[in-house]
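Take a look at the letters that make up each chain.
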Amino acid sequence: MKDMRWTALGLMLLPCWCVAQELKPTVNLHGTLRGKYEYQTQEKEGRFEVRTARVSVEGDVTPIVSYKAEIDLCDEGQIKMLDAYTRIKPWKSLQFTIGQERVPFTIDAHRSPHQQYFANRSFIAKQVGNVRDVGAEVGYTFHPGFPIVVRAGLFNGSGLTNQKDFWTSNINFSSKVVAMLPCGLDVEASVQKVRPSDINIIMWDCGLTYHRSGFIAEVEYLYKHYADKAFHPVHAFDGFVSYDIPLRKCLFIKVSPLVRYDYMSDHSDGKRYLNGAVDPDGGLIVNDYKRSRITSGVTLSFGKPFISDLRINYEKYFYGRDGVPKVSERDKIVVEVMTRF
């Protein structure tokens, strides 16, 4: 009888024990380090640089609630808070996210530093379509024979560091759809509205990514339109190919030759300037002059893809007649080591 009572008690407590096991929070620590050497061939000058020193913590607090917080200790020499959000996933195909994140827009801008194929980002990822903001987003995945991922959200336009006294009646939005076809082709289309000052900007982006047996080819086009003809429309393009060649009995497990072409017409960040400073009484100016670039090189992988890579690139810039190159936007050789942990 006593054994039966203990057995009954154990059966009653078993569901509680299982729930407790399911609700046990998880904590995963990750980091990305990128150290590089760059040599500008025309100026005959070089520099060492720590481009990225990211640390992130992420995990689950319940079976349907997860979180992520990421900070970069050296983003072009500054400390920046990048991601800070909670994600709720009531079932496998649906998720809600609130906090700061990379908004759902473009292909290349969504790649984290350890997922990049080249040492330096494309013009789309760095200048034209680079947006991280505070807001709320919903995502849903369809399966009509292949996955279709739809994401859409509303965002402040303030960023994480400018929230305290920020109030607006003009919310930004962003949405993106990706169809992952079974032939190895991903089709992407996205739209985004931002308002850096008092001028609405609408951006449209589309792209194709084909990957098969170590080969990847990608093209992406972005169109940026400024309201009230405050600035002429901006066109940006990015296209690259890469091929993985496995290596045996070598320091590296694979070598990946790759080449990229990207282009950007004269670009404004959407803020008003007067006498070189941000001023609401000023006007939009060219922040980035029209240019194109050919990047070629190889990536040597020490371990699994995007774990530790040696990237060797040569960048050749082409400016228009009136273009003024920035200090770090000139012909250069780049040698970078990326490590992800």
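Residues numbered from 1 in each chain as written. Predicted model: local features only at pLDDT ≥ 70, side-chain atom pairs only at ≥ 80, totals over all residues. Heavy atoms only, no water.

Draft legend 1. Focus on the overall build of the protein chain. Scanning the protein chain from terminus to terminus reveals two helices and 19 strands. In terms of its C-alpha atoms, the protein chain occupies a principal-axis envelope of roughly 95 × 60 × 40 Å. Looking at the protein chain as a whole, 40% of its 341 residues are labelled buried. A separation threshold of at least 6 residues defines the contact pool for the protein chain, and within that pool the share at least 24 residues apart is 53%. Of the accessible surface of the protein chain, which amounts to about 18,700 Å², a share of 63% is contributed by carbon and sulfur atoms. (Helix = DSSP H or I, 4+ residues; strand = E, 2+ residues; numbered from the N terminus. Buried < 20%, exposed > 50% of the residue type's maximum accessible area, 1.4 Å probe, protein only. Contact = heavy atoms within 4.5 Å. Areas by Shrake-Rupley, 256 points an atom, 1.4 Å probe, with all protein chains shown as cover.)

Draft legend 2. Highlighting unusual backbone geometry. Here lysine 44, not a glycine, exhibits a phi torsion of approximately 55°, which is positive. Along the chain, the position of lysine 44 falls in the loop between strand S1 (28-40) and strand S2 (45-60). For lysine 44, a relative accessible area of 62% puts it in the exposed group.

Draft legend 3. Local environment of the pairing of strand S18 (residues 308-319). Here strand S17 (residues 291-301) runs beside S18; their pairing, made up of 11 bridges, is antiparallel. Residue threonine 299 lies in a different strand from S18, and its bridge partner there is arginine 311. If you look at the hairpin formed by S17 and S18, you'll find six residues sitting between the two strands, and phenylalanine 306 has a positive phi there, around 65°. In terms of strand pairing, S18 meets strand S19 (residues 332-340) through eight bridges, oriented antiparallel. Looking at S19, one finds that serine 308 is bridged to threonine 339. (Pairing = 2+ DSSP bridges.)

Draft legend 4. Geometry of the confidence of the model for the protein chain. Summarising the model, the protein chain shows a mean pLDDT of 90, and 93% of its residues fall at 70 or more. Across residues 4-21 the pLDDT falls below 50, and counting only partners more than four positions away or on other chains, this stretch makes zero contacts in the model. (pLDDT = per-residue confidence, 0-100.)

Draft legend 5. Focus on the environment of methionine 81. Within the secondary structure layout, methionine 81 lies in strand S4 (residues 78-91). With relative accessibility at 33%, the residue methionine 81 sits in the partly exposed group. Residues methionine 81 and alanine 69, 12 residues apart in the sequence, show an inter-C-alpha distance of 8.2 Å.

Draft legend 6. Focus on the side chain of asparagine 313. Tracing the backbone through its elements, the reader meets asparagine 313 in strand S18. Given the relative accessible area of 2%, asparagine 313 is considered buried. Apart from residues lying up to four places away in sequence, asparagine 313 is in contact with Phe118, Ala119, Thr295, Ser296, Gly297, Val298, Lys332, Ile333 and Val334.

Draft legend 7. Seen up close, a nonpolar patch on the surface. Among the surface-exposed residues, Phe215, Val241, Tyr243, Ile245, Leu247, Val259, Tyr261, Ile294 and Phe318 lie close enough to one another that they form a single nonpolar patch of about 700 Å² accessible area. Breaking the nonpolar patch down by element, the ones donating at least two residues are strand S12 (234-243) and strand S14 (254-264). (Patch = residues over 30% accessible without salt bridge, like charges linked within 9 Å, V, L, I, M, F, W, Y side chains within 5 Å. Salt bridge = Lys/Arg side-chain N within 4 Å of Asp/Glu carboxyl O.)

Draft legend 8. Quick peek at the environment of valine 61. Along the chain, the position of valine 61 falls in the loop between S2 and strand S3 (65-75). In the structure, valine 61 is positioned 35 residues away from threonine 26 in sequence and 6.5 Å away in space, judged by C-alpha atoms.

Draft legend 9. Molecular detail of the side chain of serine 56. Secondary-structure assignment places serine 56 in strand S2. Among the residues examined, serine 56 registers a relative accessible area of 2% and is labelled buried. In contact with serine 56, other than residues within four places in its own chain, are Asn28, Leu29, His30, Lys68, Ala69 and Glu70.

Draft legend 10. Up close: the nonpolar core. Membership of the largest hydrophobic core comes to 19 residues, with the highest contact counts inside it found for Met203, Leu222 and Tyr226. Elements that contribute at least two residues to this core include exactly helix H2 (123-128), strand S10 (201-212), strand S11 (215-226) and S12. Broken down by element, the residue count for this core peaks at three residues, all from H2. Discounting residues that sit within four places of it in the chain, methionine 203 has contacts with Phe105, Val128, Ser190, Val191, Gln192, Val194, Leu222, Tyr223 and Lys224. (Core = buried A, V, L, I, M, F, W, Y, C linked by side-chain atoms within 4.5 Å.)

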